[in-house]
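Observations on the three-dimensional arrangement
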Amino acid sequence: MALRRFDVIPLGTGAALPARGRHPSAQLLNVHEALYLIDCGEGTQERLRELGINFMRVGHVFISHMHGDHYLGLMGLLSTMHLLGRKTPLHVHGPPALREVVDVQLRASETWLRFPVEHRALTPANGILAWQDERVEVRLLALRHRIPCTGFVFREKPAPRPLRLDRLHLVPHFRRDAVKLGDDLVLADGSTMPNAELTLEPPPVRSYAYCSDTAYETALIPHLRGVDLLYHEATFTEQLAARAKETYHTTAAQAATLARDAGVGRLLLGHFSSRYKTVEPLLAEARAIFPATLPAQEGVSYTPGANEQA
């Protein structure tokens, strides 16, 4: 059974402003060829174009909070989708104020979008189900920032159980979907063949968590437990821990400590301050605590559960 896609591409890894070749926060998550955009900093649509990604396929946008480096690219994206003739609905999940910001700009420009925008207001609260479809479920995280800020945990929906080829002839066509979903098979003589004798174990469910702007927050640990890949901001090194605390951001060491204590598979660092010419000091600090740490690289695809070398 071919493994279905579940990967994330960082589009921006910088904090606050575009600098040193790093762009404002945005990520694209591909789940079974459905596209979910996470944050939408300035220039996000340009990053998508550069990567050859058809952003008209994006069905959902998740905005963590109302700081400009996380949402100022949204209006440009909506406008371009409008000009290119989009007709399908776009679901925008974000702070309640986001809808007001979008509406006032549309009114000021006398623009009436050709496609529906379905706004879904989010309130930061750990573990709340915000969205689910046939591919994925999305639960919220209550991040601790200067203004309300929401993180997201994306968990893949379980795949059907593959039928064993050597037992395929025993399962009538009209019963195969039910057996793939876990049903036992009742035979013509009234006996039952257990599902485990007819199917194989499905691929493991994969998960990805996104923690953008936040102070070090141990309350997140139960909700991050066992996540395959955790993206966590690492704006500063420990040398600037006081500055991190003042601005409600995290050091690389704190992000690594959280990853270690939550037992995640791998840690992806991002949201780097422009004061760092290279991310090496942040990476070294994190790896000393949690070796399975990677620096988020813009335009690179990461697959939760895979074993990319750190």
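Preceding block: the structure.
In this text, all values refer to a predicted model and were calculated from it rather than measured experimentally. (Residues numbered from 1 in each chain as written. Predicted model: local features only at pLDDT ≥ 70, side-chain atom pairs only at ≥ 80, totals over all residues. Heavy atoms only, no water.)

1. Quick notes on the overall build of the protein
The helix and strand inventory of the protein stands at 9 helices and 15 strands. Against the 2.2 N^0.38 benchmark of 19 Å for 310 residues, the protein shows a C-alpha radius of gyration of 22 Å, consistent with a compact globule. Each principal axis of the C-alpha atoms in the protein carries an extent, and together these give about 75 × 55 × 35 Å. By the burial criterion, 51% of the 310 residues in the protein qualify as buried. Of all intrachain contacts in the protein linking residues separated by at least 6 positions in sequence, the fraction that spans at least 24 positions is 66%. Put simply, the protein has 34 plus and 33 minus side-chain charges, and the middle of one group is 1 Å from the middle of the other. (Helix = DSSP H or I, 4+ residues; strand = E, 2+ residues; numbered from the N terminus. Rg over C-alpha atoms; globule rule 2.2 N^0.38 Å. Buried < 20%, exposed > 50% of the residue type's maximum accessible area, 1.4 Å probe, protein only. Contact = heavy atoms within 4.5 Å. Lys, Arg positive; Asp, Glu negative; His and termini not counted. Charge placed at Lys NZ, Arg CZ, Asp CG, Glu CD.)

2. Description of unusual backbone geometry
Its identity as a non-glycine residue notwithstanding, histidine 32 has a phi of 55°, on the positive side. Here histidine 32 is to be found in the loop between β2 (26-31) and β3 (34-40). The exposure class of histidine 32 is buried, given its relative accessible area of 14%. Of note, the phi angle at histidine 271 is positive, near 60°, even though the residue is not glycine. By the element assignment, histidine 271 lies in the loop between β14 (266-270) and α9 (280-287).

3. Considering the sheet that holds β14
Judged by pairing direction, the sheet is mixed, and its 7 strands sit side by side in the order β7-β8-β9-β12-β13-β14-β15 without closing on themselves. Each edge of the open sheet carries a strand with a single partner, namely β7 (129-132) and β15 (293-295). If you compare each strand with its neighbour and ignore which way they point, the axes differ by 20° on average. Examined bridge by bridge, strand β8 (residues 136-143) and strand β9 (residues 149-156) share 8 bridges and lie antiparallel to one another. Its bridge partner being in β9, valine 138 is matched across the sheet by phenylalanine 154. Contacts from helix α8 (residues 252-262) reach β13 (229-233) and β14, with the element oriented near 155° to β14. Contacting β14 and β15, α9 crosses the sheet at an angle of about 170° to β15. (Pairing = 2+ DSSP bridges. Axes fitted to C-alpha atoms, helices over the stretch in contact; angles between N-to-C directions.)

4. With respect to the sheet that holds strand β5 (residues 90-94)
Spatially, 6 strands are ordered β1-β2-β3-β4-β5-β6 in an open sheet, and the strand pairing comes out mixed. Two strands lie at the open edges of the sheet, namely β1 (6-12) and β6 (117-121), each paired on one side alone. Averaged over neighbouring strand pairs, the angle between their axes works out to 20° when direction is ignored.

5. Details of the side chain of glutamate 285
Along the polypeptide, glutamate 285 turns up in helix α9. Buried within the structure, glutamate 285 lacks any salt-bridge partner; its nearest side chain of opposite charge belongs to arginine 275, at an N-O separation of 12 Å. (Salt bridge = Lys/Arg side-chain N within 4 Å of Asp/Glu carboxyl O.)

6. Structural notes on helix α3 (residues 74-83)
Working note: α-helix, 3.6 residues per turn, so residues spaced by three or four point in the same direction. A large share of α3 lies buried, amounting to 7 of its 10 residues. By the burial criterion, the buried members of α3 are Leu74, Met75, Leu77, Leu78, Thr80, Met81 and His82. Note on α3: the residue one or two positions beyond its end, glycine 85, has a positive phi of about 85°.

7. Quick notes on α8
In terms of burial, α8 is largely enclosed, as 8 of its 11 residues are buried. Taken as a whole, α8 has its buried residues at Ala252, Ala253, Ala255, Ala256, Thr257, Leu258, Ala259 and Ala262. On its buried face, α8 is in contact with α6 (221-224), β13, β14 and α9. One or two residues past the end of α8 sits glycine 263, with phi positive at roughly 65°.

8. As for the pattern of salt bridges
Taken as a whole and assessed by the stated rule, the structure comprises 12 salt bridges. Arginine 5 serves as the salt-bridge partner of aspartate 7, at 2.9 Å between the closest nitrogen and oxygen. Between arginine 164 and aspartate 166 there is a salt bridge, and its shortest N-O distance comes to 2.8 Å. Residue classification places aspartate 166 among the partly exposed residues on the basis of a relative accessible area of 46%. When salt bridges that share partners are traced, they join Arg5, Asp7, Glu33 and Arg57 into one network.

9. Remarks on the environment of histidine 232
Looking at where histidine 232 falls in the secondary structure, it is placed in strand β13. Spatially, the C-alpha atom of histidine 232 lies 15 Å from that of leucine 11, the residues being 221 residues apart in sequence. Ignoring anything within four residues of it in the chain, the contact list for histidine 232 reads Cys211, Thr214, Thr250, Ala255, Leu258, Leu267, Leu268, Leu269 and Gly270.

10. What to know about the side chain of threonine 257
Along the chain, threonine 257 falls in helix α8. The class of threonine 257 is buried, set by a relative accessible area of 16%. In this structure, threonine 257 is in contact with Tyr216 and Ile289, ignoring residues within four places of it in sequence.

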